[in-house]
Amino acid sequence: MKPKFVIMMAVTLIAGNTLAETPEPGEIMPRIIELNKQSLPSPRDVADILEVAKAATPTPWNEGADLTYEQKFHNELIAGTTELMARKVSFATAFDYAKAHAAWHLAYVWADRMGDQDEALACVEKWVQADPTAPVRNAERLHLRAKYGQDVRSEVETWFRDRRDLTHYAAWRLAAAWQRAAEKADAMNTESFNVLLAAAVNSVVAADRTQTRVSALLMRSTASQNVNGEIMTLLSGIQGTLPLQQASALFNAFSPTTATNAETLAFYDALLRSVEANAGSAPFLRKILDQKLKLQ
């Protein structure tokens, strides 16, 4: 066999192996997720999958609600690639990639993590401009502005005024923005904060109202308010339907130090009665039962 022919065969075999190892589009996300979970993945594995992911995402983020499956997959791949870059390469790399793909809601997060306030504000503004009336986008923008020292309280109050269509997440982020702005302005007081949180609860859709009430109680508890009585009132109307996340929030909001043993036991009983029992809530229920037995 001639040497030149041997070399050509070797090159062909190497190329064939490389192509065989290149994942199909549907295999890229599982690999990204797997690498994100690893504490110390191989730098070569990360670099290889990032090259494939970048080649598979030549176009910008797809805006809009009625996206095709392909468009949703494209967005999912951009988001996963950005996260992998941030976790395993650098925030700057993730920011550059997200910005290049007009994924402004991702870009502003990593600009913020880098401490680049101007870029973060510019990116979040572009995200809002793509859907100016979206409550969640405006809530995130106001929260970021409050973080950077801007007083956004009046804007938050305007959002809550006469609104009954907010999701829990949007209302919670708006309330957090107001709280942060008030604290930075050294103008935080109990009365105004409680009025604001009551407005937040009233502004959400009916399906999210209990969840927002729970978040409001937790925020007030974190602000050193005693909300034990209100927690008991809330739990009195719930029987086996309280989601685990809300139950955990109420557990954290309750103050045993300002309650008698009898009141604390009553709280544990109310939680045990109210929480939705399933495999996910079983460890939490065991924890509450253990706490109860220690007091008896």
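Residues numbered from 1 in each chain as written. Predicted model: local features only at pLDDT ≥ 70, side-chain atom pairs only at ≥ 80, totals over all residues. Heavy atoms only, no water.

(A) Focus on the nonpolar core. Ranked by internal contacts, the top residues of the largest apolar core, which has 30 residues, are Ile 32 and Leu 84. Going through the elements one at a time, helix 2 (25-37), helix 3 (43-56), helix 4 (69-88), helix 5 (91-100), helix 6 (104-114) and helix 7 (117-129) are the ones with two or more residues in this core. It is helix 6 that contributes the most residues to this core, six residues altogether. The contact partners of Leu 84, leaving out residues within four places of it in the chain, are Ile 32, Leu 35, Asn 36, Val 46, Ile 49, Leu 50 and Val 89. By size, the runner-up hydrophobic cluster in this structure holds 24 residues, among which are Val 156, Ala 175, Ala 181 and Met 219. (Core = buried A, V, L, I, M, F, W, Y, C linked by side-chain atoms within 4.5 Å. Buried < 20%, exposed > 50% of the residue type's maximum accessible area, 1.4 Å probe, protein only. Helix = DSSP H or I, 4+ residues; strand = E, 2+ residues; numbered from the N terminus. Contact = heavy atoms within 4.5 Å.)

(B) Representation of the environment of Trp 61. Here Trp 61 is to be found in the loop between helix 3 and helix 4. Excluding residues within four positions of it along the chain, Trp 61 makes contact with Asn 75, Ile 78, Ala 79, His 101, Ala 102, Ala 103, His 105 and Leu 106.

(C) The confidence of the model for the protein, seen in detail. Residues with a pLDDT of 70 or more make up 92% of the protein, whose mean pLDDT is 92. Note on residues 1-20: pLDDT is under 50 here. Beyond four places in sequence and across chains, it has two contacts. (pLDDT = per-residue confidence, 0-100.)

(D) The packing of aromatic side chains, seen in detail. One pass over the structure, following the stated rule, counts seven aromatic pairs. Here the aromatic rings of Tyr 169 and Trp 172 are separated by 5.9 Å at their centres, their planes lie at 50°, and the arrangement is tilted. Pair noted here: Tyr 169 and Trp 172 are both in helix 10 (residues 168-184), with a separation of three residues, about one helical turn. With relative accessibility at 31%, the residue Trp 172 sits in the partly exposed group. Between the aromatic rings of Phe 267 and Tyr 268, the centroid separation amounts to 5.8 Å while the plane-to-plane angle is 45°, which identifies the pairing as tilted. Of the two residues, Phe 267 and Tyr 268, both sit in the buried class. Of the aromatic side chains, those joined through ring pairs into one cluster are Phe 254, Phe 267 and Tyr 268. (Phe/Tyr/Trp six-rings, centres within 6.5 Å; stacked < 30°, edge-to-face > 60°.)

(E) View of helix 7. With 13 residues, helix 7 ought to run about 18 Å at 1.5 Å a step, and its terminal C-alpha atoms sit 18 Å apart, in line with that. Elements in contact with the buried residues of helix 7: helix 5, helix 6 and helix 8 (135-147). (Expected span 1.5 Å × (residues − 1).)

(F) View of the side chain of Arg 141. Note on placement: Arg 141 falls in helix 8. What makes Arg 141 buried here is its relative accessible area of 17%. A polar contact of 2.7 Å, which involves the side chain of Arg 141, links it to the side chain of Asn 138. Contacts of Arg 141, omitting those with residues within four sequence positions, involve Val 124, Glu 125 and Val 128. (Polar contact = N/O pair within 3.5 Å; in protein donor to acceptor, adjacent residues only side chain to side chain.)

(G) Fine view of the pattern of salt bridges. One pass over the structure, following the stated rule, counts 14 salt bridges. Here Glu 125 and Arg 141 are joined by a salt bridge, their closest N and O atoms 3.0 Å apart. Pair noted here: Glu 125 is in helix 7 and Arg 141 is in helix 8, with a separation of 16 residues, a long-range link. A relative accessible area of 29% means that Glu 125 is categorised as partly exposed. Note that Arg 153 is salt-bridged to Asp 151, the shortest N-O span being 2.6 Å. The class for Arg 153 is buried, based on a relative accessible area of 19%. (Salt bridge = Lys/Arg side-chain N within 4 Å of Asp/Glu carboxyl O.)

(H) Up close: the environment of Leu 196. Residue position: Leu 196 is located in helix 11 (residues 190-203). It is 51 Å that separates the C-alpha atoms of Leu 196 and Arg 44, two residues lying 152 residues apart in sequence. Excluding residues within four positions of it along the chain, Leu 196 makes contact with Val 156, Glu 157, Phe 160, Ala 175 and Trp 178.

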